[in-house]
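Per-entry structural report
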Amino acid sequence: MRIDPQTLFLTTGVVYAAMPVTVWALLHHRHPARLVNLWCASGLLLSLMLVLYGLRGPVSDMLSVVLANAAGLASTSIQVSVLRMEGQRTHGAWPLALLWLAALLMLLAFDHWYQPLRPGLVHLAHGLFGGLAAWTSWQFAQHRHSRSARLMSLFFALTGLTLALWGLEFLLQPAPPLVFEPDLLFGVSVALSLISAVVVNLGYMGLALEGARAQARKQRAAMAPLHENQQALELAALSREPVASERARSTRLLAHEVRQPLHNAAVALQSGVATLARSRDASEVTRAIEQALAVIRRVSATLDNTVAATTLLAAQGRVSTADTDLQMLIELCLGDLPPEARSRVRIEYLADARSARLEPSLIRLALRNLLMNAALYAPSDTALVLRVLDCDQPLALVLEVADRGPGIADDLRELIFEEGVRGAQPTVPGYGLGLHVVKRVARLHGGSIEWRANVPTGSVFSLTLPQGDPG
């Protein structure tokens, strides 16, 4: 089988030049420019070697053969250097340069003194450089766990071994031919070298993409703490929202609970001032002042109670309870009411127990809200009934407040305990917080607040407070 080496080398050299150009086009924006440029330069040197081999005959051997071999060995040396730089082992550049220079000088010497050995030495030198490239890429693969580098190592080794064996076979002949005659083995070795060159370039692109993925993983790992910090800040911001909302609710509750006692104090003081202005009776003036002072003392006690209660209302879960005397608690609640409302309250104590486990300041606040609502909505000449009941299934204390007011409209019965919801009584002051506070108090005790219609008219609010084991 006759193979024209000049045509083979020239054709493949020109075609192969497209390979490093393609690698550069794909990687120059995705991989370090210095490494990509060096790798593509090695590809162009290999292409130059093939073209120069193809120009043998018209061009002198000094240019076409020696320069071609120098370009080929330099191509492999640069590839080894790039692989070492990829693996951050850049100290190997000087030994490679010296090895390339030694190989070139050896080829020049044999070309001058014993030219028949040149083909064998050329193939042996290329085989040894291919083995060096295979070893370097294998080390890189072991260090980086790179499949692309393993593939490169395999083809470097296969090509280097083929070229080295071919060179040894040529050198071991008893009488090397004076004129090199290419044969089938030569064609196979050249074809394998070209296939290897293509695969190695593909492997380098895979290696670069693996590096890009590894860099992306490192960046994600570096960004993970920042992302976690951002999430922590967002969670902190979200956690502050309920706190701000609770503070706003507590402020509204304070305003709701303090407004009426302050109004009572203002009325008492105005009455005392009027008495001072119209009366010269010292006893009457003293009595008016004492009444005003008594109202102010009640206002102070109410403020203390309200501040404590609003603090407890901000708690989560169930509040701590203690054994509380019910009769004393009811008397305190009645003392919080204005005189005109207090005189309307009728107490029906139907429970056997005289004490219960509860949080007294919260229950005092809840009962005051229920009684004040009843006093505001029911006609002034009707009684307000406070019932104290036992419940066995489940074990609980029930506090009921019944009135003869207008009741609750049908469309509000499911909403009356929500914040800001009020009945259709524009003349009654308020902000729709009283019943919502009662609902919060009930939940903090693990209980409930319910409404039912009174007969023949009015409302009954039932506050149920469990007395059994909460667990």
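Just so it is clear, the structure is predicted and the values come from calculations on it, not from any experiment. (Residues numbered from 1 in each chain as written. Predicted model: local features only at pLDDT ≥ 70, side-chain atom pairs only at ≥ 80, totals over all residues. Heavy atoms only, no water.)

We now examine the overall build of the protein. Counting secondary structure elements, the protein contains 13 helices and 7 strands. By residue count, 44% of the 471 residues in the protein fall in the buried class. For the protein, the proportion of contacts with a sequence separation of at least 24, taken over those separated by at least 6, is 73%. Accessible surface computed for the protein: about 25,300 Å², of which carbon and sulfur atoms make up 63%. (Helix = DSSP H or I, 4+ residues; strand = E, 2+ residues; numbered from the N terminus. Buried < 20%, exposed > 50% of the residue type's maximum accessible area, 1.4 Å probe, protein only. Contact = heavy atoms within 4.5 Å. Areas by Shrake-Rupley, 256 points an atom, 1.4 Å probe, with all protein chains shown as cover.)

All chains considered together, the criterion is met by 9 salt bridges. One salt bridge connects Arg346 with Glu348, and the closest N-O pair in it is separated by 3.2 Å. Between Glu418 and Lys439 there is a salt bridge; the shortest N-O distance is 2.9 Å. Placement of Glu418 in the loop between β5 (396-402) and α13 (434-444) and of Lys439 in helix α13 is noted, with a sequence separation of 21 residues between them. Take Glu418: its relative accessible area is 34%, and that puts it in the partly exposed class. Judged by its relative accessible area of 16%, Lys439 falls in the buried class. (Salt bridge = Lys/Arg side-chain N within 4 Å of Asp/Glu carboxyl O.)

Quick look at the nonpolar core now. One broad trend across soluble globular proteins is that nonpolar side chains are buried collectively. In terms of nonpolar packing, the biggest core is built from 45 residues, with Leu358, Ile363, Val388, Leu397, Leu399, Phe461 and Leu463 touching the most fellow members. Tallying contributions element by element places helix α12 (residues 360-377) first for this core, with 10 residues. For Val388, the residues in contact, after removing those within four places along its chain, are Leu326, Ile330, Glu348, Tyr349, Leu350, Ala351, Leu397, Val398 and Leu399. Counting residues in each nonpolar core, the second largest holds 37 residues, with Cys40, Met49, Tyr53 and Val80 among its members. (Core = buried A, V, L, I, M, F, W, Y, C linked by side-chain atoms within 4.5 Å.)

Turning to α12, a few remarks are in order. Taking 1.5 Å per residue, 18 residues should reach 26 Å; α12 reaches 26 Å between its end C-alpha atoms and fits that length. Of all 18 residues in α12, 14 are buried; the element is thus mostly enclosed. (Expected span 1.5 Å × (residues − 1).)

Direction of pairing for strand β6 (residues 448-453) relative to strand β7 (residues 459-466): antiparallel, over a ladder of 6 bridges. Note on β7: the bridge partner recorded for Ser448 is Thr464. Between β6 and the antiparallel strand that follows it, β7, lie 5 residues; Gly458 among them carries a positive phi value of about 110°. (Pairing = 2+ DSSP bridges.)

Residue Pro394 is reached from Gln393 by a cis peptide bond, and omega for that bond is -5°. Looking at where Pro394 falls in the secondary structure, it is placed in the loop between β4 (384-391) and β5. Going from Val455 to Pro456, the amide bond is cis rather than trans, its omega being 10°. Along the chain, Pro456 turns up in the loop between β6 and β7.

Moving on, we get to the pairing of β5. Of all the 7 residues making up β5, 7 are buried; the element is thus mostly covered by neighbouring parts of the structure. Of the two faces of β5, the one holding Ala396, Val398, Glu400 and Ala402 and the one holding Leu397, Leu399 and Val401 are both buried throughout. Both β4 and β5 contribute to a ladder of 7 bridges, which runs antiparallel. If you follow Arg387 over to β5, its bridge partner there is Glu400. The turn linking β4 back onto β5 is made up of 4 residues. Pairing geometry for β5 and β7, over 7 bridges, is antiparallel. Note on β7: the bridge partner recorded for Leu399 is Leu463.

To continue, consider a positive patch on the surface. On the surface, Arg147, Arg150, Arg213, Arg217 and Arg220 cluster together into a patch of positive charge. When contributions to the positive patch are tallied by element, the ones reaching two or more residues are α7 (147-171) and α8 (184-278). No other element matches α8, which puts 3 residues into the positive patch. One can find Arg150 in helix α7. In this structure Arg150 comes out as partly exposed when scored by relative accessible area, which is 33%. (Patch = residues over 30% accessible without salt bridge, like charges linked within 9 Å, V, L, I, M, F, W, Y side chains within 5 Å. Lys, Arg positive; Asp, Glu negative; His and termini not counted. Charge placed at Lys NZ, Arg CZ, Asp CG, Glu CD.)

A few words on the packing of α12 against α13. For the pair α12 and α13, the least separation of the axes is 9 Å and the interaxial angle reads 150°. Classified by chirality, the crossing of α13 by α12 is left-handed. Contacts from Leu362, Ile363, Leu365, Ala366, Asn369, Leu370 and Asn373 of α12 reach α13 at Gly434, Leu435, Val437, Val438, Val441 and Leu444. Looking at the contact of α12 with α13 residue by residue, the class counts come to 10 nonpolar, 3 polar and no charged. (Axes fitted to C-alpha atoms, helices over the stretch in contact; angles between N-to-C directions. Left-handed = near helix turned anticlockwise from the far one by under 90°. Nonpolar A, V, L, I, M, F, W, Y, C, P; charged D, E, K, R; others polar.)

We now examine the sheet that holds β5. The strand order across the open sheet formed by 5 strands is β2-β4-β5-β7-β6, and the pairing between neighbours is mixed. Looking at the sheet topology across the chains shown, the edges are occupied by β2 (345-349) and β6. Strand-to-strand, the axes of this sheet are offset by a mean angle of 20°, without reference to chain direction. Lying over the sheet, helix α10 (residues 326-336) contacts β2, β4 and β5, oriented at roughly 170° with respect to β2. Set on the sheet, α13 makes contact with β6 and β7; between it and β6 the angle comes to about 130°.

Attention now moves to the packing of aromatic side chains. Evaluation of the coordinates by the stated rule reveals 2 aromatic pairs. With a centroid separation of 4.2 Å and an interplanar angle of 5°, the aromatic rings of Trp39 and Tyr204 are classed as stacked. Of this pair, Trp39 sits in helix α3 (residues 33-54) while Tyr204 is found in helix α8, placing the two residues 165 residues apart along the sequence. Across the pair, Tyr204 and Trp39 agree in class, each one buried. (Phe/Tyr/Trp six-rings, centres within 6.5 Å; stacked < 30°, edge-to-face > 60°.)

Next up on the list: the side chain of His31. Mapped onto the elements, His31 comes out in the loop between α2 (18-27) and α3. The class for His31 is buried, based on a relative accessible area of 12%.

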